[in-house]
Amino acid sequence: MSDAHSDALVFFGATGDLAYKKIFPALQAMVKRGHLHVPVIGVAKAGWGVDELRARARDSVKQHGGLDAAAFDKLSRLLRYVDGDYRDPATFQAIRQQLGSAQRPAHYLAIPPTLFGPVVEQLARSGCAKGARVIVEKPFGSDRASAQALNRTLLGSFDERTIFRIDHYLGKRPVHHMLFFRFANPFMAPFWNRNDVESVQITMAEEFGIQGRGAFYDETGTVRDVVQNHLFQVLSNLAMEPPVKTDSQSIRDEKVKVLEAIPVLAPDDVVRGQFRGYRSEKGVAADSKVETFVALRLQIDSWRWQGVPFYIRAGKCLPVTCTEIVVRLRRPPTIFQGFHLDSNYCRFRISPDVTLAIGANVIAPGQETRSQTAEMVGSRLPGAEEMDAYERVLGDAMEGDSTLFAREDYVEEAWRIVDPVLKDATPVYEYEPGTWGPKEGDSKVSPPGGWHNPPPLGRT
Ligand code: BG6
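Residues numbered from 1 in each chain as written. Predicted model: local features only at pLDDT ≥ 70, side-chain atom pairs only at ≥ 80, totals over all residues. Heavy atoms only, no water.

1. Some words on the overall build of the protein chain
- Each helix and strand counted, the protein chain has 12 helices and 16 strands in total.
- A compact globule built from 460 residues should have a C-alpha radius of gyration of about 23 Å, and the protein chain, at 23 Å, falls within 12% of that.
- Taken along the three principal axes of its C-alpha coordinates, the protein chain extends 80 × 50 × 40 Å.
- Buried positions account for 53% of the 460 residues belonging to the protein chain.
- A sequence separation of at least 24 residues applies to 76% of the contacts in the protein chain between residues at least 6 apart.
- Only carbon and sulfur atoms are counted for the fraction: they give 51% of the accessible area of the protein chain, which is about 20000 Å².
- Mean positive and mean negative side-chain charge positions of the protein chain (56 and 57 charges, respectively) differ by 1 Å. (Helix = DSSP H or I, 4+ residues; strand = E, 2+ residues; numbered from the N terminus. Rg over C-alpha atoms; globule rule 2.2 N^0.38 Å. Buried < 20%, exposed > 50% of the residue type's maximum accessible area, 1.4 Å probe, protein only. Contact = heavy atoms within 4.5 Å. Areas by Shrake-Rupley, 256 points an atom, 1.4 Å probe, with all protein chains shown as cover. Lys, Arg positive; Asp, Glu negative; His and termini not counted. Charge placed at Lys NZ, Arg CZ, Asp CG, Glu CD.)

Printed below as a string of structure tokens:
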């Protein structure tokens, strides 16, 4: 039963921002690919009917990716709508009715985590949880204790195998394919460890600000928004041991081990920044100390990685939008008198383009005594046919494949690491929009050899 495809999708938060930006476009794409044939029941409290939901869906796909008339028409016919309060049993009776003969619905909670509890409870009471899966959006809690409480709530009505905690970064093909690249190419294996790797840095830079999400962001900050989830997943893919099999359990077992080996962060490991102007954004407190930038250093105390510093940097209003990893190797010994040799490195760019590059020392053209770094690069833009992350994770959840979802123990371990530096355990430094964060990020938490700043688009 648990492996069968879901026979209905109920999504709570149907009139919200996430539905508008991501979910309707993903649903249209699923229909277009022939992956979605089941009723899609939107739930919200907006005083709407199904016609308003259809109009909103049409608008959403037009704005985000484009309307495909044939696919949208099919999606439109699959759409249903239930209007009501998430705490009112009548809402769930109406959902039950809309579900008709469905045996294995998937309930997608695209709603604030404070509502997970009441919704899950009502799902159980109304019988809607029977045979069902539940898909929950991030943020999954706001610290370790709240994540544990959420897990207790969900596990009160659902089995872990039927809970899908979304981290849409895992649905990004290049993130998942880091594992393929590592374990399909044996040339990587000999140097992928503490003997040769000097440091690892992960940068997730965003050129834009908080895009009208002030109220959300001011409760959240960069560590909770993208580090504890998205960037720790990237880190786990970089650092994990080869799984014994490629099923979801084996892969997720190895990821949890990476996090288990990471000591909690100390204030000295973290520099937080806030872009100038953040406090004037709508929904943001005038004296907010919430970070819009963070640079941090952590250790993975495992046999493979002990002593290698890992750095993570993320922020809003930085000079470019780009997510990139640089793995620097130890400097080579030299027999070439007078030459300064740089570290070899591997550079993986996850977005906006997908790049794999290896940096090596070569003799600088026209010079006999100078070395320079040349890159061997493989790069491509994501193809138009490629699945968007949301399409992939929703499809996988409805099929019951948990590989691209965060498991209970993983989420709690991730919170354990960042818990001590959440809130204002460390100062927040102001930085100018369009720069690489506060200067303290360069002086206090900086990889040997410095941060690699991805250049503006169009240049490598
Ligand atoms: C979201 C964060 O989870 O991920 C946003 O809330 C961030 O702040 C976004 O911008 C980045 O994801 P993507 O897919 O747009 O790179």
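2. Topic: unusual backbone geometry
- Each neighbour pair has its own omega, and for Lys138 with Pro139 the value is 0°, a cis peptide bond.
- With respect to the secondary-structure elements, Pro139 resides in the loop between β5 (133-136) and α6 (144-157).
- The peptide bond linking Ser351 to Pro352 adopts the cis configuration, its omega dihedral lying at 5°.
- In this fold, Pro352 is placed in the loop between β12 (345-351) and β13 (354-363).
- A positive phi angle is found at Gln211, which is not glycine, with a value near 50°.
- Position of Gln211 among the secondary structure elements: in the loop between β7 (197-205) and α8 (214-239).
- The backbone of Cys317 shows a phi angle near 60°, a positive value even though the residue is not glycine.
- Mapped onto the secondary structure, Cys317 falls in the loop between β10 (309-315) and β11 (322-329).

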